[in-house]
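# Remarks on the overall topology
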Amino acid sequence: MNELYQSLGLKNNLFSKFSAEEEEEYLNDIYVQPKYFNSLYSNLKGASSRFIIGSRGSGKTALILQLKKSLEENNVYTFLLDNFENIPNKDNERHFILEIIQGITSDFSLTLSKNPKLLKNLDKFEKEKLSFIIQEFFKTLSKREYLERNDKIKRFKTKNAFLEFFNSYLNKPVNLLVSGGIEIISDTVAKSLGLPKVQNDEFYKNYIPDFKTKIPEKKISFDNYDYNSLKNILIDLSKIIRKVGYHSVVIMIDKIDENRNLRGSINDVCNFIEEILKDTNLLMQSDFGVVFSIWDEVRNVLASRGVRFDKFRPIDVTWTSDEIIEIINKRIGFFSDKTNNIQDLLVDSNEKDGIIKLANNSPRDLFHLFANIYDEQSVIDSNSTYFSREAINSGKLKFCKEYEYYALFPSNRNSKDDVFRNINRLLKTGKTTLRSNDIASVLKVNPATANTYIKIMSDFNFIKMTDEQYVYNIIDPKIKHLIENKTIEI
């Protein structure tokens, strides 16, 4: 018996993956550039800072990965920060800068280890400064961390000074690094690159004005560096990177709202990034550009707190229906030898519009929706050469019922603003256009409570007031579809 994807004329199930990270191997072959891609790329290459704003599933991470690839191909040094486990939930601007410095220092050191000739572009003072930064900010790397970072550096493959250093200076075999427990530490890095040992305490005094002691034997505490000191170190590190031959430096910050410590809370996400985003001096530096990928739900809150989005040309990641069709067609063309058109996989081409509408022009939601349709078709008839109307209808209903609402609308599950409670309140009305007294009547609550529910539903963007006062339309396509299919609870 054939797998369904074979019956459909596909090389495999193209609806089994939903994130850019899972598809990074072939992302370049299926990626559709948004209309603003070239402009955004040029801005970042010129070290201008930008905001990328969009809903979850709109393609922000895919855009970041494609920008990173294009920038690196054109001699721009990029650093991606998407792990925030070491950064406190608030009052954390110093920790943000430290995490960036440590990450760049570690990655740049590995880059230099593959091509030490780059160091010839630095004068003696710059080499000493780099040695100081490595000594203070290089993160000790385990074997696993070293191999992961090393594999990502594709530009240079001619030489690896770290491995040579382990072989000659330490007289230890290379395979010990691969199979044993060796850790790469800052002293090893500096020695392997032939950088001078820091002999001058002026470096400490430059960055720490109240530094009194002589050169310490070990790294000094992070607490000794204030925010401005760390910012100056980041600026100097960026200048060194440009001096060795890179056109510019771009720092990319992604997946902030996916930080598990923030629980998906809009308020917590805003508290997490508010301070660093309000530092317009940092974002207007000419030595590096910063691009923040930001959940659209937090934009207005951050703007009300003083974040100057107007100064950095925010890019809104939204897609038209035609662009969504182009996205799915390019994916189909990559995975099929027979077709590159979604209509060829549907029993009726008219079904396409309903599917696009239900996905709400979100690429990720579209792939999730097709995954449900695919699963339903597999059960109904895996030998089918198209998605049947029965599979499409069953898949659409399953998609709406099993949607990850908590991922998009985090809330206290035991409170009146729980997302499922409010969806079910709307479903019980059985109406796609309603008044507040419909809520009061169906749920048997007083008008004041009904208005409270209306406000919560509006905040979730489930409903919107019409031109007629106190009359609301359900605007979330999933909830509307459930009501139209007589679903009263999920």
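What counts as what
- Residues numbered from 1 in each chain as written.
- Predicted model: local features only at pLDDT ≥ 70, side-chain atom pairs only at ≥ 80, totals over all residues.
- Heavy atoms only, no water.
- Helix = DSSP H or I, 4+ residues; strand = E, 2+ residues; numbered from the N terminus.
- Contact = heavy atoms within 4.5 Å.
- Areas by Shrake-Rupley, 256 points an atom, 1.4 Å probe, with all protein chains shown as cover.
- Polar contact = N/O pair within 3.5 Å; in protein donor to acceptor, adjacent residues only side chain to side chain.
- Pairing = 2+ DSSP bridges.
- Axes fitted to C-alpha atoms, helices over the stretch in contact; angles between N-to-C directions.
- Core = buried A, V, L, I, M, F, W, Y, C linked by side-chain atoms within 4.5 Å.
- Buried < 20%, exposed > 50% of the residue type's maximum accessible area, 1.4 Å probe, protein only.
- Parallel < 35°, antiparallel > 145°, perpendicular 65-115°, else oblique.
- Left-handed = near helix turned anticlockwise from the far one by under 90°.
- pLDDT = per-residue confidence, 0-100.
- Salt bridge = Lys/Arg side-chain N within 4 Å of Asp/Glu carboxyl O.
- Nonpolar A, V, L, I, M, F, W, Y, C, P; charged D, E, K, R; others polar.
- Arc of directions from axis to C-beta.

The subject of this paragraph is the overall build of the protein. Helix and strand counts for the protein come out as 24 helices and eight strands. Across the protein, contacts joining residues at least 24 apart in sequence account for 72% of those joining residues at least 6 apart. Of the roughly 23300 Å² of accessible surface on the protein, 44% is carried by carbon and sulfur atoms.

Looking now at the environment of serine 106. When you line up the elements, serine 106 lands in helix H5 (residues 93-114). Sequence separation between serine 106 and phenylalanine 137 is 31 residues, and the spatial gap between their C-alpha atoms is 8.0 Å. Looking at serine 106, its side chain comes within polar contact range of the main-chain oxygen of glutamine 102, at 3.0 Å.

So, about the sheet that holds strand E6 (residues 433-435). With antiparallel pairing, the three strands of this open sheet are ordered in space as E6-E8-E7. Because the sheet does not close on itself, it has two edges, and the strands there are E6 and strand E7 (463-465). Strand after strand, the sheet turns through a mean of 35 degrees between neighbouring axes, direction not considered. Across three bridges, the pairing between E6 and strand E8 (residues 471-474) is antiparallel. Its bridge partner being in E8, leucine 434 is matched across the sheet by tyrosine 472.

This brings us to the nonpolar core. The tendency in soluble globular proteins is for nonpolar side chains to be buried as a group. Of all hydrophobic cores here, the largest spans 79 residues; its most connected members are Leu63, Leu67, Phe370, Phe387, Leu426 and Phe462. Among the elements that take part in this core, helix H18 (residues 363-380) stands out by supplying seven residues, more than any other. In this structure leucine 426 touches Leu434, Ile439, Met457, Phe462, Ile463, Ile474, Ile479 and Ile483, once residues within four positions along its chain are discounted. Ranked by size, the runner-up nonpolar core spans 70 residues in total, among them Leu112, Tyr207, Ile273 and Ile294.

To continue, consider the packing of helix H21 (residues 419-429) against helix H23 (residues 447-459). Where H21 contacts H23, the axes come no closer than 10 Å and their chain directions differ by 110 degrees. Comparing the axis directions of H21 and H23 gives the class roughly perpendicular. With respect to the hand of their crossing, H21 and H23 are arranged in left-handed fashion. Only Tyr453, Ile456 and Met457 of H23 make contact with H21, whose side of the interface consists of Asn422, Arg425 and Leu426.

Before going further, it helps to examine the confidence of the model for the protein. Regions with low pLDDT should not have their predicted coordinates read in detail. Model confidence for the protein is summarised by a mean pLDDT of 86, while 86% of its residues fall at 70 or above. For the stretch residues 169-182, pLDDT sits under 50, and the model shows 25 contacts to residues farther than four places along the chain or on other chains.

Counted according to the given criterion, the structure contains 23 salt bridges. Of the charged contacts, one joins aspartate 257 and arginine 56 as a salt bridge, the two residues approaching to 2.6 Å between their closest N and O atoms. Here aspartate 257 is found in the loop between strand E3 (248-253) and helix H13 (266-277), whereas its partner arginine 56 is found in the loop between strand E1 (50-54) and helix H4 (60-73), with 201 residues between them in sequence. Among the residues examined, aspartate 257 registers a relative accessible area of 7% and is labelled buried.

What follows covers the packing of H18 against helix H19 (residues 389-401). Direction vectors running N to C along H18 and H19 enclose 130 degrees, while the axes themselves pass 8 Å from each other. Put simply, H18 runs oblique to H19. In the crossing of H18 with H19, the sense of the turn from one axis to the other is right-handed. Contacts from Asp365, His368, Leu369, Asn372, Ile373, Glu376, Gln377 and Ile380 of H18 reach H19 at Glu390, Ala391, Ile392, Ser394, Gly395, Lys396, Lys398 and Phe399. Looking at the contact of H18 with H19 residue by residue, the classes come out as six nonpolar, five polar and five charged.

This next bit is on helix H17 (residues 351-358). Within H17, burial applies to Glu351, Lys352, Ile355, Ile356 and Leu358. Relative to the axis of H17, the buried residues are bounded by an arc of 165 degrees and lie together on one face. Among the structural elements, helix H16 (321-335), H18, H19 and helix H24 (477-484) are those in contact with the buried residues of H17. Asparagine 360 lies just past H17 and shows a positive phi near 60 degrees.

Quick look at unusual backbone geometry now. Not every positive phi belongs to a glycine, and asparagine 75 is a case in point at roughly 65 degrees. Position of asparagine 75 among the secondary structure elements: in the loop between H4 and strand E2 (76-81). Of the residues examined, asparagine 75 reaches a relative accessible area of 22% and is grouped as partly exposed. At asparagine 360, a residue that is not glycine, the phi angle is positive and equals roughly 60 degrees.

By secondary structure assignment, the location of isoleucine 327 is in helix H16. Residues isoleucine 327 and tyrosine 31, 296 residues apart in the sequence, show an inter-C-alpha distance of 7.2 Å. With sequence-adjacent residues up to four places away left out, isoleucine 327 is seen in contact with Val32, Trp319, Pro363 and Phe367.

Turning next to the side chain of glutamine 135. Take glutamine 135: it is sitting in helix H6 (residues 124-137). For glutamine 135, a relative accessible area of 16% translates into the label buried. If sequence neighbours within four positions are ignored, glutamine 135 has contacts with Ser186, Val198, Tyr204 and Lys219.

The parallel open sheet is built from five strands, whose spatial order is E2-E3-E4-E1-E5. The two strands at the open ends of the sheet, each matched to only one other strand, are E2 and strand E5 (315-316). Where E3 lies against strand E4 (residues 289-295), four bridges are found, and the strand directions are parallel. Opposite isoleucine 253, over in E4, you have phenylalanine 292 as the bridge partner. In this fold helix H12 (residues 227-243) packs onto E2 and E3, with an angle of close to 130 degrees to the strand it touches most, E3.

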